[in-house]
Amino acid sequence: ATERRPLIAGNWKMNLDHLQGIALVQKLAWTLKDAGFDSGAVEVAVFPPFTDLRSVQTLIDADRYALALGAQDLSPHDSGAYTGDVSGAFLKALDCAYVLIGHSERRTGHGEGDEVVRAKVQAAVRHGLVPVICVGETEAELEEHGTSAVPVRQTKAALEGVAAGTPVVIAYEPVWAIGTGKVATPETAQEVCSAIRNAVAEALGDADAAATRVLYGGSVKSGNIAGFMRQPDVDGALVGGASLDAAEFAGIARFR
Ligand code: PEP
């Protein structure tokens with residue numbers, strides 16, 4: 001994936017309040033700096049809870065840390081009577097570059113299907129946020145449909161109505177590998193990420209497919225990232241548990 005700048009994205013999930021988030025980001029930035037990390041070569045992004053975003057953004061801004069910011073979800077609506085929801089406009093105002101959409105914990109825990117995911121992708125694009133669209137099969141779906149069918153279907157559904165030239169990121173996260181310690185083989189990740197890239201080509205055209213970063217996620221650690229990053233169609237990782245430890249996450253970002 002030499003033509004694409006790899007993206008290492010840390011999904012904190014519902015962990016770390018804003019003070020803990022500040023501490024983690026400081027430690028991460030210092031660890032990367034001490035290691036002479038080249039942020040031009042690899043992009044590192046953090047996805048804190050909503051309540052941390054303002055503090056983390058202020059810190060990144062004040063200390064000029066080379067870290068991108070993302071949110072874990074957004075409303076499909078822009079504003080109004082949607083108690084508890086968060087508008088993409090508010091995320092954009094906090095300098096979020098990215099927003100996760102369709103994480104398996106939202107698909108299963110909040111009943112978000114292809115239609116909701118598509119509406120949220122549209123909202124992200126309306127507000128100038130790059131959607132990080134999470135796709136992946138459950139263990140049962142793996143047995144029934146094989147490796148690529150579900151992620152490819154979810155990718156096509158999410159990209160319906162998206163115009164060519166719109167930047168998107170797709171994260172292939174087999175549900176059975178998220179937070180379980182079970183990990184896909186690099187070869188399987190490559191097979192599925194390649195199939196996802198073909199789905200992006202169908203939806204947005206070959207040029208967009210060549211530019212789109214497709215990530216692998218699911219129990220990524222500093223000890224297994226290199227195998228994934230050697231695959232031609234794997235352009236980075238979406239990291240959950242291991243992103244909560246600055247040294248471990250920095251180790252993942254320094255996969256080379
Ligand atoms: C995730 O939440 O996106 C994830 C991949 O989690 P973990 O790295 O803990 O498996």
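Residues numbered from 1 in each chain as written. Predicted model: local features only at pLDDT ≥ 70, side-chain atom pairs only at ≥ 80, totals over all residues.

Caption draft 1: Examining the site of the ligand more closely. Close to the ligand lie 14 residues; I178, G179, G217, G240 and G241 are nearest. In the shell around the ligand, the residues fall into five nonpolar, seven polar and two charged. (Near = placed C-beta within 6 Å. Nonpolar A, V, L, I, M, F, W, Y, C, P; charged D, E, K, R; others polar.)

Caption draft 2: Quick look at the confidence of the model for the chain. For the chain, mean pLDDT is 97; residues scoring 70 or higher make up 99% of the total. Overall fold confidence for the complex sits at a pTM of 0.97, while the interface term, ipTM, reaches 0.96. (pLDDT = per-residue confidence, 0-100.)

Caption draft 3: Looking closely at the UniProt feature "binding site: substrate" (unreviewed entry) in the chain. UniProt annotation of "binding site: substrate" (unreviewed entry) refers to N11, W12, K13, G179, S219, G240 and G241 when read in the numbering used here. These annotated residues cover 231 residues of sequence, and their C-alpha atoms lie no more than 13.9 Å from one another, placing them together at a single site. Structurally, K13 is set in the loop between β1 (7-11) and α1 (18-34). You can call K13 partly exposed: it has 18 C-beta atoms within 10 Å. Of note, G179 is situated in the loop between β6 (169-172) and α8 (186-204). On the neighbour-count criterion, G179 (13 C-beta atoms within 10 Å) is partly exposed. Setting aside chain neighbours within four positions, we find G179 in contact with G240 and G241. (UniProt positions renumbered as here; feature names shortened; annotations may be inferred. Helix = DSSP H or I, 4+ residues; strand = E, 2+ residues; numbered from the N terminus. Buried ≥ 20, exposed ≤ 12 C-beta atoms within 10 Å, placed from the backbone. Contact = placed C-beta atoms within 7 Å.)

Caption draft 4: Representation of the sheet that holds β1 within the structure. What the eight strands build is a closed barrel, ordered β1-β2-β3-β4-β5-β6-β7-β8; its pairing is parallel. Across this sheet, the average inter-strand angle for adjacent strands is 25 degrees, counted without regard to direction. For strand β3 (residues 68-71) and strand β4 (residues 98-101), the ladder comprises two bridges, and the chain directions are parallel. Bridging from a neighbouring strand, A71 pairs with V99 of β4. The sheet contacts of helix α5 (residues 114-126) involve β4 and β5 (130-135), and relative to β4 the element is tilted by about 175 degrees. (Pairing = 2+ DSSP bridges. Axes fitted to C-alpha atoms, helices over the stretch in contact; angles between N-to-C directions.)

Caption draft 5: Seen up close, the nonpolar core. With 73 residues, the main nonpolar core has V99, V132 and Y172 as its most contacted residues. The leading source of residues in this core is α8, at seven residues. Once residues lying within four places of it in the same chain are set aside, the contact partners of Y172 are V135, G136, P151, A189, V192, C193, I196, V214, L215, Y216 and G217. (Core = buried A, V, L, I, M, F, W, Y, C linked by C-beta atoms within 7 Å.)

Caption draft 6: Highlighting the UniProt feature "active site" (unreviewed entry) in the chain. The positions UniProt marks with the feature "active site" (unreviewed entry) are H103 and E173. These annotated residues cover 71 residues of sequence, and their C-alpha atoms lie no more than 8.4 Å from one another, placing them together at a single site. Considering the arrangement of structural elements, one finds H103 in the loop between β4 and α4 (104-109). Tracing the backbone through its elements, the reader meets E173 in the loop between β6 and α8. The residues contacting E173, other than those within four sequence positions of it, are S104, C134, G136, I178, G217, G218 and L238.

Caption draft 7: Here's a closer look at the environment of C193. Within the secondary structure, C193 sits in helix α8. Owing to 26 C-beta atoms within 10 Å, C193 belongs among the buried residues under this scheme. Measuring from C-alpha to C-alpha, the distance between C193 and G109 comes to 25 Å, with 84 residues separating the pair along the chain. In contact with C193, not counting residues within four places along its chain, are Y172, V214, Y216, Q231, D233 and V234.

Caption draft 8: Here's a closer look at the packing of α5 against helix α7 (residues 149-159). Contact geometry of α5 with α7 gives a least axis separation of 8 Å together with a crossing angle of 45 degrees. Taken together, the axis directions place α5 and α7 in an arrangement best described as oblique. Between α5 and α7 lies a crossing of right-handed hand. Across the interface between the two elements, D114, V117, R118 and V121 of α5 pack against Q154, A157 and A158 of α7. Within the contact of α5 with α7, the residues separate by chemical class into four nonpolar, one polar and two charged. (Parallel < 35°, antiparallel > 145°, perpendicular 65-115°, else oblique. Left-handed = near helix turned anticlockwise from the far one by under 90°.)

Caption draft 9: Highlighting the packing of α7 against α8. α8 packs onto α7 with a crossing angle of 30 degrees between their chain directions and a minimal axis gap of 9 Å. Taken together, α7 and α8 sit at an angle that is classed as roughly parallel. Relative to α8, α7 is oriented so that their crossing is right-handed. Every residue of α8 that contacts α7 at P151, V152, T155, K156 and L159 is listed here: V192, A195, I196, A199, V200, E202, A203 and L204. Considering only residue class, the contact of α7 with α8 consists of 10 nonpolar, one polar and two charged.

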